Each structure stands twice: as structure tokens, then as C-alpha cells.
Amino acid sequence: MLTFASFMEELSKNYEPASVEEKWSRHWKEKKYFKSLPDGRSPFTVVIPPPNVTGVLHMGHTLNETVQDILVRRARMKGFNACWVPGSDHASIATEAKVVGMLKERGIDKNSLSRAEFLKYAYEWKEKFGGIIYSQIEKLGCSVDWDRVTFTMDDDYYKAVMKVFVDLHNKGLIYRGARMINWDPSAQTALSDEEVEYKDLQGKLYYIRYRLTDESGKEITHPLTGEKGIVIATQRPETIMGDTAVCVNPNDERYAHLKNARAVVPLINRSIPVIFDDYVDPAFGTGALKVTPAHDINDYNLGLKHNLGVVDTLNADGTLSEAAQIHVGEDRFAARKKIIAGLTEKGFIVKEEEYATRLGYSQRTGVVVEPRISTQWFLKMKDLAGPALKAVLEGGITIHPGDKFLATYKYWLENVKDWCISRQLWWGQQIPAWYDDKGNVVVAENEEAAKKLYTEQYGESDSDTVLTQDEDVLDTWFSSWLWPMEVFKGISNPGNKDIAYYYPTSVLVTGQDIIFFWVARMIMAGLEYNKEKPVEKAIPFRDVYFTGMVRDKLGRKMSKQLGNSPDLLKLIEVYGADAVRFGIMISSPAGNDLLFDNASLDQGKFFNNKLWNALKLVKMWGEKTDVSLPVTDRFATQWFESRLYEVKAEVEKLFSEFRLSEALKTLYSLIWDDFCSWYLEWVKPGFDQPVSADVYNKTVAYFTELLQLLHPYMPFITEEIYHLLVERKEDLCIKQLAPVGGSDAACLGEGELLKQAITALRDARVKNRIRPKEEISLHIETANPDKYNNIRSILGKQVNATVIHIAGTAEKGNISLVIGKDKFHIHSALPADHAGQKAQLEKDLAYQKGFLASTAKKLGNERFVQNAKPEVVELERKKLADAEAKVKAIEESLARLD
């Protein structure tokens, strides 16, 4: 049998997380605590924002997953049927780029493969890196239901996406057409507007002279100045080969002579018309605009209006096309340098100047995006946006923090544009559209349905016609906007028991950067595919909690490119999962960016050891309990019970407001300060003395409640200490939280007074070189002696005072100080340092007078008194009265020293 001594020897000096985390992860999994099935309890449902299967989790994921786990674990301990669904996203653009890179390393060109062959390699990638992601989620302690793992390319999920596409197409919301879109030359695919990130840069404006001729080819000079040609300012000289017109404002007198004139494109000598349109701003540049419909959305619109031709000078990979005539096959930016050199050599460039501009970059690959005319599939968004906006504005969905993100959400939905949903990739859900050799198209969920529909629409036998499926895939977000529904098969198997029970989900935790990509679109999809239900049942979630951006201590966003994002598994190896969770949560108020520093992980590690040492201390008392020992002083247990209830109520409120970081700080202070530093010291028995069984049992009960409150934040160490503290049959992770009791305000006030007195008296002893073992007697001069009745014995023990006299007046002692409104006089064998006491009292007096003046000034401000809440004004008046009393007490103490 394990003896107490051997048990204590087995406890390590400091907490060692690795073995503990492995043990409890395995145990929880074996017990299936996190598996959820519909039952009679109220559900608490969370769906993980599916990370991309392109690599390891970064610190933003760590924060996100930790927040979700805190909410889920706490809900489980409050009696909810908690269901947290894990999964991952196929991430078309990012994953295909990774797979293509992997193939290159193996000496394989993607273009040499069939689509089916390429997809085999893509699934190989998915299995490898998807497994890494799930192992990291488990290492972090996330209490997900592993039986519900979902992937956006699962068979059922794929079918759901097809079903939604066909439905929206049949409703007239999805259409196909040629439009100017955003093009990623690296991934060689279209992008939605939301996938373009704009950066403010310092660029250059090039002033280029175009030769002018009349319709017969004769050169035109200005009738008044004799100037030849027209000067045009452009940021992109590499696109001049795609110019199809020069445009000026019809009201610009400088160019009135150019009616029916033509301009000659430099370097390639193509003649193009001069057109007039009030779109051109005469004050910008030279007031003349080169029109390149293939490479600018505004030029494209001008081209449509004036029936201009389109010359696309760029290939899909960003190199110059045959239509450019010069520098064919060269990269666009390399060509730009050569074209500038050529224009300069031939005298076409008049001048260059610095110019502030905004440039769009692909969010996925980081390359500069090109505007491009392309035939794509689009989803009309206006009809979907209205209900999604209404659901949030009318309170069906609450955004946290709303004051920061509600306006952003509202603006985007009110100004939403059609969504380009097709991508020129192989990895993803292939668009369910089939074409014959004449260009006819049918949209159906699968090939069999497509053939049947084709026969119905075109009256031809499906056996006589070869139908070819669209080569493009759908935007990744077109699958993930169905996530809260389809993880429960709500689209592929509508009305099943899971979707009926778990939907809508309870809370979505996600990053602020995907409010448009994902959050708004999930709300749209939820409302569109639950129209028969009331709004509160149709929405995909009731609350949205936006985490902040994780930045390094220099304020930079963490990224792989900067190399400033730490490896999660290495952090867990060094600090333990609980310390990592603590470190990232202690500094992350909702919606605000957080500066991540390893110092916060050190703080988590120290906190672990504080808990570990508290365990060892309480376990030692357990061997020395005495049931016959009377409890002569119940104040400490009464005070901590009140303090515990007070904090439980505060934490409950903070959780209801999604202020999780503040709740952790509150618990941290309760455990580190109130429990470990004060309560355990107050009830600690003398050396080698027994402890009252009643006090010990209460201490164990308090410690247990603290572990339970902390468990959602730090699950491993709390479960371990919970079982080491006393023998248990029930595991902490499923132990139900007790209801919040009432706290005793008077007792809490006495406790604060006790802490202030102990701190001040210990400080006075140190300053006056009174050793801890040296006994003192204490005289307290107070107008209210009764307030010391309950704390008198603890105060004496904590400051080593053999005698405490409490009265309205007191004898002058060796050392005098003011605590609150009362005067404390210490008697010791040492001679008094009156000079030191006087200096300290004068310092305290100056501070209190300054505080008194500022408080009086605030109360003297009529606007403050009239506009502030009555309780705030009353608090300031109390502060004023307290400060006046303290000033008076200090002045009286100083008078005694003179």
C-alpha cells in the first residue's frame, strides 16, 4: 500500500506536464466524455472553423481553439450536452499550390498528369497534413467529438455542395458570364473581391507621349501651341500594348481639336481612336487617359460603352501574350523594366514622378492580382444579403464585441457585389455543369442527372451526345459556408435527428479577418436553407465571438514569411499545454489584437507550480487532521467562502459577456492571491501542529471548486490535482458546477482590512529592521473597535503580535502608521526611528492630499455630476470622505511625532 510519505516523494518538485497530459488525453478519450448524441439535455453546439489542410496550426488557430474549448468545457460542466465538431477545409488554392510544389520536388509536372492522377497526390497531402492538424488539436487539450470529424471534400459534403449549386442555379441566383474579375497569376485562377488584400505603396507615374494623327494618317499638332502628340500618365507602361483608345473629357478645352483624331501606341505603332467621356478627370495627370479594357475594370466599362476592342496582353501566368507583340513570354514585371527602357530610348517618356497608390495582392499566394476578363460562374448576393443583415441588426445573432465589428458587417452587406465562385483548379468540388460540342449547357448534381436533363431540354438522346463536365472547381468558401449545417448532414440528409437537435449552433468563435469570407456567408446560407423555420431556428449560430489578431511583441502579424510564428508543438513540449493555453488567454480580450510573448507562457508555467505547491501543502495537512480539535477561529473559512461566491458570480457575468480573458485574470487573482497567499497562510497550523478536520475539509472543498472553475482554461493540471487531492470516482471534466451562493459583504470588507493591515505592518517591520521572529505588541486607535473582533487573532499571528489593544485612543508606540482611517502603534524592544516614520507619513500625506484634490475637482465639475450614473457619483463622494479621513489621521500622527 502506498504510504503518505512515499506518495509525497512521488510528487515531483515542480509540475511536469508531459506525462500528465498524455495520461488524461488517453483517459478522456477512452471514457468517450466528449462524444455527443442527441438526448433530453439542452445542446451546446460549436463547430470548429475548419483549418486548411496545408500545414501546422499557427498561433491564431491556437487562440481560436483554446477559446472554443473553454466555452465547450464550461458548458459541459453546466449540464449542457456539449458537442464540438472538428474538421478541416480542403482550401483549393493553397492546397493545390502545395501539392504542385510537392510534385516539382519529385520531378513531376502537374500538366503531365490527368485530373484523377493529380487528385490522388492531393489526397496523399491531405492525409498527411490533416493528421498533423488533428494531433495538434488533441495535444492542446481540445475536447472535440472525434467521431464527428468532417472534411469539406467528404462524399456527403461534396454531394451537398452540388445540391446547393443546382438549387441556386435553378432559382436564377447562379449565372455564368464574361466579366472583369480578379486573377491570381501564380495560382492561375479567378479570385473573389474578398480574396484581394490592398496595400498602400509608393509607386511611379510615367508620363508617355503618344503621337496623334488624323483619319488619313497625317500628324496633328496643337493649333495654338504647335505641340505634337498627347501626353498620358500611367502606372503600368507594360499594358500600353493593350490600349484600344485614348480618352479625354469633352469639356476639356485643351483637347477640343482632337475630334475624329487617332493616337499611335508607342513601340508597336497601332492606331487607336481618341474618344470623349466625362468619366475622365481633367485635373488628374494630364487629363488624358489610356484605355486598356483587358486590364482595368474602369477601362473595361468604358470599352463596353464605346464599343472598343479588347486586346489581352497577358497570359494566365502573368507573362506577356502574343497579343502584346513585344517581349512575348516574359514576366510582366521584367517586361515593365524593358518597356520603360525602350520608351526612354525612343524619347516617349516625358517624365517620371513618385505616386502614392494602392495595389491588390492575392490573399492566398501573395502575388499582385491582375484584373482580367474571363468567363466565370457568379452568385447574385443582393437577395441573400438582406436577410443576413436583418438577422444581426434585429438581435437574432449577437456579435462580440459588437461595438467594434457590427458596423463593418453592416457596411459589407449593404454594398455587397456578386460572388465569383469558379476557380481554375483541380482540387475542389468540380462545378456540376455539362456542355455539348455546340456550347449548350445543363446544370445537374451528377452526370446521370445531367444526361437526363439534357434530353429533356434539347430533345436529343443522351446516348448520341457526349457531355463534358466543366473543368473548374468551386471557391472553397462555397463549401465552407454550409459548414454549420452539413457537419450534421443538414443539406445532404435534411431533417435528420442531428440537424434537428444541434442546429442552430450556440456560438461561433473565429477571426475577425474572415467576417466576409465566412461569417456573413454562413448566415446567408443558413437563412436560405431554413426558410420554413422562424429566424431564431434558421440562423447558423446565436453568438459570434471574434478573437483578435495574434502579433509578436514588435506588433507584427505572425506569419510564416516573417518567421515570427512559433511552433505550437514545441511550445507545448517546453511549457505544457496548460501554460500555453494560459499564456495566450491571459492577454487576449475579445476582438483586440494581442502581443504574444513567451513571458506570458512563463507566467502560466509559474502558475502551474503555484497550484502544485498548494497541493503538496494541503496534502501534508491531511496527515495531521484532528477531528477533536475545536475551531476557535472561523473567520478565514467564512471569508474565503464569501470571496469564492463573489468571484463565481463575477465569472458567470464575464462569461455571459464573452470576456474570457478578464474571467481568467479574476480566477488567477483568486487562486494566486486570495487562496494561496492569504487563505492558506491564515489557516496554516503551527510547526508540526495538527489542523482542525473541519478547516481541512473546507480547504479541500474550496480547492476543488477552484480547480473546477479553472478547468476549462487549464484542463490537464486541474484534472491531475483534483484526483491527487483526495480519492475520487468522478472525473473533473464532467463534474457539474455547483450553483453560485451568496457572499457576505461585511465579511469581505473585514478580509480586505485584514490584508491591508498585515501588508502595512509587515512593511513597517521590514523598514524598521524588526526581524520576523521578534514579538511586538500592537495598539490600534480606531473609532470602530468592533470591526477588528473577527480578524484580531489572525492579525496577531500574521504579524507576530503577542498583544493587540483596540480602543478609541492608544499609547504612543515606537512606530506609528495609518491604515485606512485608523492609527496603528507598534511597540517593540528596538528604539523608534522617528525621522523615518515622519518621512513616510509626509509622503503618504502628500499622496492623499493629491488624491483628495483630484476627487474634489471631479465632484466640482457640474457636467460630471449631472451626466455620470448616480452610483458613480456616490462612489466618488465616498472616495472623497475616505481621503479626508485619511488626511486627518496622518496629520494627527505627524503631530504626535513632533
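In short, a report on the structure. Not measured: the values here are computed from a predicted model.

About the criteria used
Residues numbered from 1 in each chain as written. Predicted model: local features only at pLDDT ≥ 70, side-chain atom pairs only at ≥ 80, totals over all residues. Heavy atoms only, no water. Salt bridge = Lys/Arg side-chain N within 4 Å of Asp/Glu carboxyl O. Helix = DSSP H or I, 4+ residues; strand = E, 2+ residues; numbered from the N terminus. Buried < 20%, exposed > 50% of the residue type's maximum accessible area, 1.4 Å probe, protein only. Arc of directions from axis to C-beta. Polar contact = N/O pair within 3.5 Å; in protein donor to acceptor, adjacent residues only side chain to side chain. Core = buried A, V, L, I, M, F, W, Y, C linked by side-chain atoms within 4.5 Å. Contact = heavy atoms within 4.5 Å. Phe/Tyr/Trp six-rings, centres within 6.5 Å; stacked < 30°, edge-to-face > 60°.

## Re the pattern of salt bridges
Counted by the stated rule, this structure contains 53 salt bridges. As a salt-bridge pair, Glu781 and Lys823 come within 3.9 Å of each other at their nearest N and O atoms. Of this pair, Glu781 sits in strand 28 (residues 776-781) while Lys823 sits in strand 31 (residues 822-827), and the two are 42 residues apart along the sequence.

## Describing helix 17 (residues 568-575)
Owing to its 3.6 residues per turn, the α-helix aligns residues three or four sequence positions apart on the same side. Listed in full, the buried residues belonging to helix 17 are Leu568, Leu571, Ile572 and Tyr575. Buried residues of helix 17, viewed axially, fall in a sector of 100°; they line one side. Residues Lys570 and Glu573 are exposed on helix 17 and point more than 90 degrees away from its buried face. Between the side-chain oxygen of the N-cap and the backbone nitrogen of Leu569 there are 2.9 Å, and the N-cap of helix 17 in question is Asp567.

## Notes on the nonpolar core
The biggest cluster of nonpolar side chains holds 187 residues, and the ones touching the most others in it are Leu379, Phe478 and Trp481. Sort the elements by how many residues they give to this core and helix 21 (residues 660-683) lands first, with 14 residues. Phe478 has contacts with Val161, Val164, Phe165, Leu168, Ile174, Leu379, Trp419 and Ile421, leaving out every residue within four places of it along the chain. Core analysis: the second largest hydrophobic core is formed by 28 residues, Ile220, Ala263, Ile272 and Leu314 among them.

## Regarding the packing of aromatic side chains
Within the structure shown, the criterion is met by 42 aromatic pairs. Aromatic pair Tyr157 and Trp483: ring centres 5.9 Å apart, planes at 40°, arrangement tilted. Of this pair, Tyr157 sits in helix 6 (residues 155-170) while Trp483 sits in helix 13 (residues 483-486), placing them 326 residues apart in sequence. The class of Tyr157 is buried, set by a relative accessible area of 2%. Classification of Trp483 as buried rests on a relative accessible area of 0%. Between the aromatic rings of Phe405 and Phe546, the centroid separation amounts to 4.9 Å while the plane-to-plane angle is 55°, which identifies the pairing as tilted.

## So, the side chain of Lys290
On the secondary structure map, Lys290 appears in strand 12 (residues 288-291). For Lys290, the side chain forms a polar contact with the side chain of Thr239, separated by 2.9 Å. Of the polar contacts made by the side chain of Lys290, one reaches the side chain of Thr292; its length is 2.9 Å.

## Side note on the side chain of Glu781
Glu781 gets classed as buried once you look at its relative accessible area, which sits at 9%. At 3.1 Å, the side chain of Glu781 and the side chain of His825 are in polar contact.

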